Amino acid sequence: MTQQPEQPEQPAPAITYADAGVDTAAGDRAVALMKDAVASTMTPAVVGGVGGFAGLVDVSALRDYRRPLLATSTDGVGTKVAIAQALDIHDTIGQDLVGMVVDDIVVVGARPLLMTDYIACGHVVPERIADIVRGIAQACAAIGTPLLGGETAEHPGLMAPDEYDVAGAATGVVEADRMLGAEKVRAGDVLVALGSSGLHSNGYSLVRRVIEHAGWGLEREVPEFGRTLGQELLEPTRLYTRVCLAMLETLSSPAAPAPVHALSHITGGGLAANVARVLPAGLIADVDRSSWTVPPVFTTVRELGSVPWEDLEGTLNMGVGMVAVVDPGVVDAVLRVAEGSNIPAWVLGEVHEAGKYEARGRVVAGTKGVDGGAVDIHGTYTA
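Worth saying up front: this structure is predicted, and the values here are computed from it rather than measured.

*Asks:* If you had to explain the pairing of strand β6 (residues 164-175) to someone new, which residues and values would you point to?
*Replies:* For a regular strand, the rule is simple: side chains alternate between the two faces of the sheet. As defined by bridge partners, strand β3 (residues 68-76) adjoins β6 across nine bridges and the pair is classed as antiparallel. For L70, the partnering residue across the bridge sits in β6 and is V173. Here strand β4 (residues 111-121) pairs with β6 via 10 bridges, running antiparallel. Bridge pairing in β6 places P112 opposite G172.

Encoded structure:
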C-alpha cells in the first residue's frame, strides 16, 4: 500500500483592521475635512495646533485672579441625534452639543476656556463626521471658545454603520467671589426668562414617541411651524454664553456686589425643576405660566400625544432656555442686554420667603438631588 504524502496545511487568511470594520484611512480623511473648521476656533491662548495627543491652552491670565475656580461640565445631545440621522443632516447637531455643555458652566459665572468632543460611530463616513465637527466648531467660534481636541471612534459590531453619538466636555474659570449660585439669592429677587429656540436637546424620547404614535413623518409640512416637522425638531439649541457673560460684565463692578445672583440652564427636568436647583432652602419662586406664549412645537406635542401639562413641563423647556435670578434694580438692564443679543426676555416671577408665601399651583422642590429651594408654577399657559 502506497502511503499518500501529507498535504501541507493551508495558511489561514490574513485578517486586517479593515476586515474587522475599522477604516483608518476614512478617519484620516475625516480629520482632513474638519481641520479648517477646528482651526477657526483657536484663540491667542491656544498653544500648538490641531492633531496633537493633547490640546494646550495658556492660562497665564489666571495669575491675575485672586482665587480662580475651574468649572467643568460634560454632556451629549441625547436622542436628538436620531432626528439628524433620519434626515441625513449632520451640521446642526454640533451646536446642540456646545449649548448643552458650555452653557452649563456659564451658569456659575465661569468664562469658558476650552471644549473637547467625542464621536462614536458604527462606520466612519468622512463627510458626515466632518459635518458634525464643523457644527461644533462653528458654535465654539460663535462663543469665542477654542475646540481644543476631540476623538472619533469607530465601533463596528457595537453600533450600526449609520449610527453615531456625540458627547463633549468644557472647562471654564470664575473668580471665587464672583461665582453665581443659590447662596447669593435672596427674597425679592426677580426671575428673568431668556427664550429658547425650540425644544433644544431634551425630551426627544417623549417627542419621538409622540410623533411615532401620531404617524407623522419628518417631511410633513406643519402650518403652525411654517416649515416641516423635521426642520422644527432639528432647530439647534440657542447659545446663551455671550449674553450671560455680557450681563455679568455690564452689571458688575469691583466696588459693588454683583446684581446677577444665579443662572439656571433649563435642560432635562424642565423649567421648575432647574430653577429650584439654584434657590436656597427657605425660599420659593413663583413662576407665572401666563407670562409668556408657549411656542407651537410644545402645544403640538401635547395635543398629538395627549400629554398631560404636568408631564410636558417636567420634560421640556416650554420656551424658556435660561433663567437669570437678579436684583430687582437691574431687571430693565438685563432685558436690554438680552434685547441687544436678539434674545427674547421677560419677567417670569419673583423669589419669596417660603414661610410667608401661599402657593397657588404645583410646587416643585428637591430635584436633581439638590436640597434647596422650591418653585411654585401656577397660572395657565398662553398658546
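So much for the structure itself; the text now carries on.
*Asks:* Outline the nonpolar core, supporting the account with residue identities and numerical values.
*Replies:* Of all hydrophobic cores here, the largest spans 102 residues; its most connected members are L233 and W292. Here L233 is in contact with K80, I83, L199, Y204, V207, I211, L218 and V297, once residues within four sequence places are set aside.

*Asks:* Hey, could you go over the sheet that holds strand β15 (residues 374-378) for me, with residue numbers and the actual values?
*Replies:* Across the sheet, seven strands lie side by side as β10-β12-β7-β13-β11-β15-β14; this open sheet has mixed pairing. Each edge of the sheet is formed by a strand with only one pairing partner; in this case those strands are β10 (260-265) and β14 (362-365). For this sheet the average axis-to-axis angle between neighbouring strands, irrespective of direction, equals 25°. In the sheet, strand β11 (residues 283-288) pairs with β15 via five bridges, with the strands oriented parallel. Its bridge partner lying in β15, D288 is registered against H378. Running at roughly 175° to β10, helix α7 (residues 241-251) makes contact with β7 (190-195), β10 and β12 (320-326) of the sheet.

*Asks:* I'd like a description of the UniProt feature "domain: PurM-like N-terminal" (unreviewed entry) in the chain, backed by residues and values.
*Replies:* Taking the UniProt record as the reference, the feature "domain: PurM-like N-terminal" (unreviewed entry) is found at residues 70-174. End C-alpha atoms of residues 70-174 are separated by 7 Å, and the span's content is 37% helix alongside 35% strand.

*Asks:* Give me the packing of α7 against helix α11 (residues 331-340): which residues, what numbers.
*Replies:* As a packed pair, α7 and α11 sit with axes 10 Å apart at the nearest point and diverge in direction by 135°. As the angle between them shows, α7 and α11 are arranged oblique. When you trace α7 past α11, the crossing you get is right-handed. Facing α7, whose interface residues are V243, A246, M247, T250 and L251, α11 presents A333, V334, V337 and A338. Across the contact of α7 with α11, the residue classes tally to eight nonpolar, one polar and no charged.

Reading the values: rules and limits
Per chain, residues are indexed from 1 in the order of the written sequence. Reporting of local features is limited, given that this is a predicted model, to residues whose pLDDT is at least 70; pairs of side-chain atoms are given and counted only at 80 or more, and all residues count toward the totals for whole chains, interfaces and linings. Note that water and hydrogens are dropped before the side-chain values are worked out from all heavy atoms of the structure. We call two strands paired when DSSP finds no fewer than two bridges between them. Secondary structure elements follow DSSP: runs of H or I no shorter than four residues count as helices, runs of E no shorter than two count as strands, and numbering proceeds from the N terminus. Among buried residues, the Ala, Val, Leu, Ile, Met, Phe, Trp, Tyr and Cys ones that are joined through side-chain atoms within 4.5 Å form a nonpolar core. Only protein chains enter the accessibility calculation, which uses a 1.4 Å probe; a residue is then buried when its area is under 20% of its type maximum, exposed when over 50%, and partly exposed in between. For this analysis, residues touch if any pair of their heavy atoms sits within 4.5 Å. To obtain each axis, a line is fitted to C-alpha atoms, and for helices this fit is confined to the stretch in contact; angles are then taken between N-to-C directions over 0 to 180 degrees. UniProt positions are given in the numbering used here, feature names are shortened, and annotations may be inferred rather than shown by experiment. Any angle that falls under 35 degrees is termed roughly parallel, while one over 145 is termed roughly antiparallel, one within 65 to 115 roughly perpendicular, and all others oblique. Crossings are classed by handedness, with left-handed meaning an anticlockwise turn of the near helix from the far one by less than a right angle and right-handed meaning a clockwise turn. Residue classes follow a fixed rule: Ala, Val, Leu, Ile, Met, Phe, Trp, Tyr, Cys and Pro count as nonpolar, while Asp, Glu, Lys and Arg count as charged, and any other residue, Gly among them, counts as polar.

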